[in-house]
Amino acid sequence: LIVRGAGGRDDLAAGLGARGAEVEYAECYRRIRPDTDPGLLLIRWQRGEIDAVIVTSVEILDNLCAMLGAVGTEYLCRTPMFVHHPRIAEAARHRGVDTVVESASDEAGLVVALEEYFSRHG
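Reading the values: the criteria
Residues numbered from 1 in each chain as written. Predicted model: local features only at pLDDT ≥ 70, side-chain atom pairs only at ≥ 80, totals over all residues. Heavy atoms only, no water. Pairing = 2+ DSSP bridges. Helix = DSSP H or I, 4+ residues; strand = E, 2+ residues; numbered from the N terminus. Axes fitted to C-alpha atoms, helices over the stretch in contact; angles between N-to-C directions. Left-handed = near helix turned anticlockwise from the far one by under 90°. Contact = heavy atoms within 4.5 Å. Nonpolar A, V, L, I, M, F, W, Y, C, P; charged D, E, K, R; others polar. 1 Å grid on protein atoms, 1.4 Å probe; cavity = no way out; pocket = protein on both sides within 12 Å on 5 of 7 lines; lining within 4 Å. Points joined across faces, edges and corners; volume = space filled by probe spheres on them.

Peer 1: Please give an account of the pairing of strand E2 (residues 25-29) that cites residues and values.
Peer 2: The pairing of strand E1 (residues 2-5) with E2 spans four bridges and is parallel. Note on E2: the bridge partner recorded for Ile2 is Tyr25.

What follows is the structure, encoded as structure tokens:
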């Protein structure tokens, strides 16, 4: 059983199927852009209150950029971004993010990456 978001990738299922496994999906969430005003977030960026951003999927990155618009995406691109997969890192770099930090693929890995980055960069 693979628990995933609606329309998730099939890489894991294909690999398991090639080894003889029978795979079922439980699609239990959707990745959609929130219908919200990013104004308060943009104000916090203008004040220098956003030190880092964690992005855990390409869809989240796409939705965030769409939600922020051109001005907000400029702020986003100048803010260190922490990701846990090379595919997300590639998408972030493609969007113009200046500093992309890859970590291990769990919460502890993200915390370690944040601690190491900010211990070097204040």
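Peer 1: How would you summarise the packing of helix H2 (residues 39-46) against helix H3 (residues 58-78) if you had to cite specific residues and measurements?
Peer 2: Close contact between H2 and H3 brings their axes to 10 Å; oriented N to C, the two are set at 35°. H2 and H3 meet at a crossing whose hand is left-handed. Contact residues: Leu41, Leu42, Trp45 and Gln46 in H2; Leu68, Gly72, Tyr75 and Leu76 in H3. Among the residues forming the contact of H2 with H3, the class breakdown is six nonpolar, two polar and no charged.

Peer 1: Can you explain the layout of surface pockets? Please cite residues and give values.
Peer 2: Here the largest pocket defines a volume of roughly 480 Å³. Lining the largest pocket are 22 residues, with Gly8, Arg9, Tyr29, Arg31 and Arg87 sitting closest to its centre. Mapped by element, the contributors of at least two residues to the lining of the largest pocket are E1, helix H1 (11-18), E2, H3 and helix H4 (86-95). Classifying every residue of the lining of the largest pocket by side-chain character gives eight nonpolar, seven polar and seven charged.

Geometric descriptors of this kind do not, in isolation, establish any biological role.
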